[in-house]
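# Structure at a glance
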Amino acid sequence: MTFDQSLPLIFMALMGISMLVYVVSDGYDLGVGLLMPRANATEKDVLIASIGPFWDANETWLVLGIGILLIAFPKAHGLVLSQLYLPVTLMLIGLMLRGVAFDFRVKAKDVHKATWDRLFFAGSLLASMSQGWMLGRYISGFGQGWNYPVFAAAIALALPAAYVLLGAAWLIMKTEGDLQRKAIRWAKLAWWPVVGGMVLISLATPWISATVRDRWFELPAIIALLAIPLTTAIALVTTRLVLDQPIVRKELCWLPFVLLIAVFVFGFLGLAYSIYPFVVIDQLTIWQAASSPAALKVILVGVCISVPAIAAYTVFSYRVFWGKATELRYG
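Basis of the calculations
Residues numbered from 1 in each chain as written. Predicted model: local features only at pLDDT ≥ 70, side-chain atom pairs only at ≥ 80, totals over all residues. Heavy atoms only, no water. Helix = DSSP H or I, 4+ residues; strand = E, 2+ residues; numbered from the N terminus. Rg over C-alpha atoms; globule rule 2.2 N^0.38 Å. Buried < 20%, exposed > 50% of the residue type's maximum accessible area, 1.4 Å probe, protein only. Contact = heavy atoms within 4.5 Å. Areas by Shrake-Rupley, 256 points an atom, 1.4 Å probe, with all protein chains shown as cover. Lys, Arg positive; Asp, Glu negative; His and termini not counted. Charge placed at Lys NZ, Arg CZ, Asp CG, Glu CD. Core = buried A, V, L, I, M, F, W, Y, C linked by side-chain atoms within 4.5 Å. Phe/Tyr/Trp six-rings, centres within 6.5 Å; stacked < 30°, edge-to-face > 60°. Salt bridge = Lys/Arg side-chain N within 4 Å of Asp/Glu carboxyl O.

### Let's talk about the overall build of the chain
Counting secondary structure elements, the chain contains 13 helices and two strands. In terms of overall dimensions, the chain is globule-like: its C-alpha atoms have a radius of gyration of 20 Å, near the 20 Å expected for 331 residues. A total of 331 residues make up the chain; the buried ones form 50% of that total. Of the contacts made within the chain by residues no fewer than 6 positions apart, 79% connect residues no fewer than 24 positions apart. When the accessible surface of the chain is split by element, carbon and sulfur atoms take 72% of a total near 15900 Å². For the chain, the centre of its 24 positive side-chain charges and the centre of its 18 negative side-chain charges are spaced 4 Å apart.

Below you can see the structure in the form of structure tokens.
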């Protein structure tokens, strides 16, 4: 394969990695937003403080992923957004609600603070469910028929549960005392619907897409591919077992979060294998959707500058603000 032929693969990999980083990083802070109603007034301040230094950087990866889709795969961009314009709009409304509520709740009087907290929760829920619906429609190749919306709706319900579990694991790592014990209880409650949703969606995906079914249930590929669901299951079961151990409140407070990141990574690998070589399953391959090699070479220069800068800023922010969260204060 020549360099010109490999360029679309490079951009597809960069786009996929950007979206994976976004789902994991913004997933936990969306999960924290979904947990707001379960916390008391003082705890809500700590919840917000735990994601305060990071959430802007997390959403940068979404902009990067969509930007790569737009400039590197313009045909796919037009097709995807024409099918998903409504959930994309709802997601953006949800993210804007979160951003406004995040800043205004800190300055608001006590009588209005609860309203901004509710809007922060509503924005988190709207963004999470919209992302789940978009993922379901994308996996199914935007198929027509009653079963496709049902499949998308199932993922729209399952993804917020996964974000809640990830957000609870983040709080286990970032908090201590009574709030940390509450986060452990929240994680235990969220674990069951997440596992149930993953099992049902894993069974339904081959039914909804013949392409996915053919790729996963052929010999000898199925033997090698068993490693993905088995490793995912081991990570989920280990997460649940660890939550019952006292050490999760001390030295191993980071372990549930890391195990759940592994679950998302293996889910991403399974999705990548399922849709390759398509950008839009059964409709556009990577090479059909890509810009010209000359354009991709110019775009690659910008990507080589922007991606390391975004990654460096993200790593720097996590390094500076690592450790347990305290009440958020604005000057």
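And the narrative resumes.
### Focus on the environment of Arg215
Its place among the elements puts Arg215 in helix 8 (residues 210–216). Looking at Arg215, the relative accessible area reads 23%, which means it is partly exposed. With sequence-adjacent residues up to four places away left out, Arg215 is seen in contact with Ala221, Leu225, Tyr273, Ser274, Tyr276 and Pro277.

### Here's the deal with the nonpolar core
Buried together is how nonpolar side chains tend to be arranged in soluble globular proteins. Counting residues in hydrophobic clusters, the biggest one holds 95 residues, and the most contacted among them are Phe11, Phe73, Trp170 and Val279. Those residues in contact with Phe73 that lie beyond four places of it in its chain are Pro8, Phe11, Met12, Ile68, Val279, Ile286, Ala289, Ala290 and Ser291. Ranked by size, the runner-up nonpolar core spans eight residues in total, among them Ile139, Tyr148, Ile201 and Ala204.

### Remarks on the packing of aromatic side chains
The tally for this structure, following the rule as stated, stands at eleven aromatic pairs. Centre to centre, the rings of Phe102 and Phe120 are 6.3 Å apart; their planes meet at 45°, and the pair counts as tilted. With Phe102 in helix 4 (residues 74–107) and Phe120 in helix 5 (residues 110–139), this residue pair connects regions lying 18 residues apart in the sequence. The rings of Tyr28, Phe54, Trp170, Phe257, Tyr318 and Phe321 are connected pair by pair, giving a single aromatic cluster.

### Quick word on the pattern of salt bridges
Throughout the structure, instances matching the rule amount to eight salt bridges. For Asp29, the salt bridge is made with Arg98, and the minimal N-O distance between the two is 2.6 Å. Remark: Arg98 occurs in helix 4 and Asp29 occurs in helix 1 (residues 3–34); sequence separation between them is 69 residues. Both residues of the pair, Asp29 and Arg98, count as buried. Residues Arg181 and Asp178 are paired through a salt bridge, measuring 2.4 Å at the closest nitrogen-oxygen approach. With Arg181 and Asp178 both in helix 7 (residues 177–208), this residue pair falls three residues apart, about one helical turn.

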